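Residues per chain are reported as follows:
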Amino acid sequence: LPHILATPAAEEVEGTETPAPIRHASILVVDDDDEVRDMVVAMLQELGYRVTAAANGRAALDLLTARTGFDLLLADVAMPGLSGVDVVRMARESGCAPRVLYATGYADLGVYRVGLDGEDMIRKPYRMADLAARVDRALRAPLGHGPAQSHAPPQVPPAASQSQVAFCSRNH
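Residues numbered from 1 in each chain as written. Predicted model: local features only at pLDDT ≥ 70, side-chain atom pairs only at ≥ 80, totals over all residues. Heavy atoms only, no water.

What follows covers the packing of helix α4 (residues 57-66) against helix α5 (residues 84-94). It is the contact of α4 with α5, at a shortest axis distance of 10 Å, that shows an interaxial angle of 20 degrees. Classed by the angle they form, the pair α4 and α5 counts as roughly parallel. Viewed along their axes, α4 and α5 form a crossing whose handedness is right-handed. In contact with Gly-57, Arg-58, Ala-60, Leu-61, Leu-64 and Thr-65 of α4, α5 contributes Val-87, Met-90, Ala-91 and Ser-94. Considering only residue class, the contact of α4 with α5 consists of six nonpolar, three polar and one charged. (Axes fitted to C-alpha atoms, helices over the stretch in contact; angles between N-to-C directions. Helix = DSSP H or I, 4+ residues; strand = E, 2+ residues; numbered from the N terminus. Parallel < 35°, antiparallel > 145°, perpendicular 65-115°, else oblique. Left-handed = near helix turned anticlockwise from the far one by under 90°. Contact = heavy atoms within 4.5 Å. Nonpolar A, V, L, I, M, F, W, Y, C, P; charged D, E, K, R; others polar.)

Residues Leu-44, Tyr-49, Leu-74, Leu-131 and Val-135 are the most contacted members of the largest nonpolar core, which totals 25 residues. When residues of this core are traced back to their parent elements, those giving at least two are β1 (26-30), α3 (34-46), β3 (72-76), β4 (99-104) and α7 (128-140). Aside from chain neighbours lying at most four places away, what touches Leu-44 is Ile-27, Val-29, Tyr-49, Val-51, Leu-74, Leu-131 and Val-135. Core analysis: the next-biggest nonpolar cluster, separate from the first, contains 21 residues, Ala-54, Leu-64, Phe-70 and Met-79 among them. (Core = buried A, V, L, I, M, F, W, Y, C linked by side-chain atoms within 4.5 Å. Buried < 20%, exposed > 50% of the residue type's maximum accessible area, 1.4 Å probe, protein only.)

Okay, here's the thing in structure tokens:
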């Protein structure tokens, strides 16, 4: 799987332009599969994003509440313990949820369907160009649950491009 993620076919690379990262956005990646998580982190870093990784839902939730300032949460849907859907729901309840992009390799998401309505999702396996486009789209999307809320894309001041910016206490 990691080799599939990292090795696009030659014809897919030609003529494919990946969007520039939005203002050095900070992304939290949570996936229980070490190889997939490491590959996604490497891909996002190559695209110019600041990336923090979590191996499970509890670790991601702890990071979201303690180290606020993530512009995007890229969450695996199905994980043991807290699923990606659980993490997002709990973070939203605490007021510390960034924009969200779900990732899944499962064809049947029935058990998670209620929590995924109106949410952006990328299907595994995916190539770097696909990831770049979906992350860019997610960062430009409205902040909050579902597509109905309207908020500006994340604004990271140039002086803060290498540090975390606190958003957890915002009133959106």
